[in-house]
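Fold and contact review
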Amino acid sequence: MNGVNRFFSIFSRQRDQKPISAQEAKERLRGVLFSDRIALSPDQMAEMRNEIIAVISKYVNVDPDKVALNLEQRSLDNWLVADVPLLRIEDHPRFNTGEEADS
Amino acid sequence: MGGRVITITSGKGGVGKTTTTANLSAAVANMGKRVVCIDADIGLRNLDLIMGLEQRIRKDLVDLVERNAPLEEVLIQHRLQPNLFLIPASQSRDKSAVSPQQMITLCNQLREQFEMIFVDCPAGIERGFRNAVAPADEVIIVTNPEVSAVRDADRVIGILQAEKRKLPIRLVLNRVRPEMVRRGEMLSPDDIVDILGKEIRMIGVVPEDENIIIAGNRGAPNADSKAGQAYRDIARRLNGEDVPINMDNKPGLFNRIAKLFGN
């Protein structure tokens, strides 16, 4: 709930569009349906996430805490969609070794 | 090809499949269509009871597919609604007594006589589910605004979408308590569509209504009640009519003003 909504909700709880336990239900369902749909356990999903981060990190700097894997339904197909925020590329190890700079 | 075969399923038990089958079929029959319901929950017969026909069962679905009885002997015509018929489940056998192919053959025969054929599916995703879905042209998934029911609905959707033939899937959200949705303590119809994916069309939102239990007690579906109205609306939507879904979860300005005047 953002500040403005919270402000108005003081006056009208009824108009508060951000549900309380319903919001929690929605978030929990998103998590469990993701895991159900791709038939991976939470541990396997964490492993896949870490491996994806590791592969991408070989080439660019990623912000691992903000990497988000989501399952999206497009038409009748499921899509695994990864949001991978990048950090400054200049900080990547490939710029520090000096070897790549020569080649 | 004649009548439409609509299978009513849910994954989870106890969400209101049988109640939906009974009330929806009665509503469609009231629109003047010839309708038959098949209780595919072999071993756990219940649709007969909700429809008020339990005293009149002589032969059942298994007798029919095993050719121990002709269709005329198995079909039970509703006294109050002559357009409405039931093929009851067998109570003494189990789901393996019927095969998916037998269900397809039976429904093809029924299509010639009936405009709509509802198949009440057992809970679960095993044999009984496959039997019930095999003859379907369309599927209605019944769910409740509860995490377990939504999860199971998603599982059923996944199984159906993995099939080669892409059956149209529509959702009935049952047992909605609008005041809880307004308080944010119950998933709203929009939330459910959001979670399950936009491909899944909502065909009806049925409020929690004690009249449904009373109607079940009496074996007289299609009660004159809020839930009964919701089922009649679903029947019209199945018929292709454009009836807006009254979710009653986000009161419009008019309703809010009406509320101020104690309406």
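Residues numbered from 1 in each chain as written. Chains lettered and ligands numbered in written order. Predicted model: local features only at pLDDT ≥ 70, side-chain atom pairs only at ≥ 80, totals over all residues. Heavy atoms only, no water.

Here's the deal with the overall build of chain B
- Summing up its helical and strand segments, chain B has 12 helices and 8 strands in all.
- A principal-axis box enclosing the C-alpha atoms of chain B has dimensions of 65 × 40 × 35 Å.
- Considering chain B as a whole, with its 263 residues, one finds that 56% of them fall into the buried category.
- A total accessible area of about 11,700 Å² is found for chain B, and carbon and sulfur atoms account for 48% of it.
- Averaging the positions of the 36 positive and the 34 negative side-chain charges in chain B gives two centres separated by 1 Å. (Helix = DSSP H or I, 4+ residues; strand = E, 2+ residues; numbered from the N terminus. Buried < 20%, exposed > 50% of the residue type's maximum accessible area, 1.4 Å probe, protein only. Areas by Shrake-Rupley, 256 points an atom, 1.4 Å probe, with all protein chains shown as cover. Lys, Arg positive; Asp, Glu negative; His and termini not counted. Charge placed at Lys NZ, Arg CZ, Asp CG, Glu CD.)

A few points about the packing of helix 2 (residues 21–37) of chain A against helix 7 (residues 147–161) of chain B
- Axis separation between helix 2 of chain A and helix 7 of chain B bottoms out at 10 Å; the angle between their running directions is 30 degrees. Accordingly, the angle class assigned to the pair helix 2 of chain A and helix 7 of chain B is roughly parallel. The hand of the helix 2 of chain A/helix 7 of chain B crossing is right-handed. On helix 7 of chain B, the residues that touch Ala25(A), Leu29(A), Val32(A), Leu33(A), Asp36(A) and Arg37(A) of helix 2 of chain A are Val147(B), Val150(B), Arg151(B) and Asp154(B).
- In terms of residue class, the contact of helix 2 of chain A with helix 7 of chain B is made up of 6 nonpolar, no polar and 4 charged. (Axes fitted to C-alpha atoms, helices over the stretch in contact; angles between N-to-C directions. Parallel < 35°, antiparallel > 145°, perpendicular 65-115°, else oblique. Left-handed = near helix turned anticlockwise from the far one by under 90°. Contact = heavy atoms within 4.5 Å. Nonpolar A, V, L, I, M, F, W, Y, C, P; charged D, E, K, R; others polar.)

Nothing here speaks to function; it is geometry throughout.
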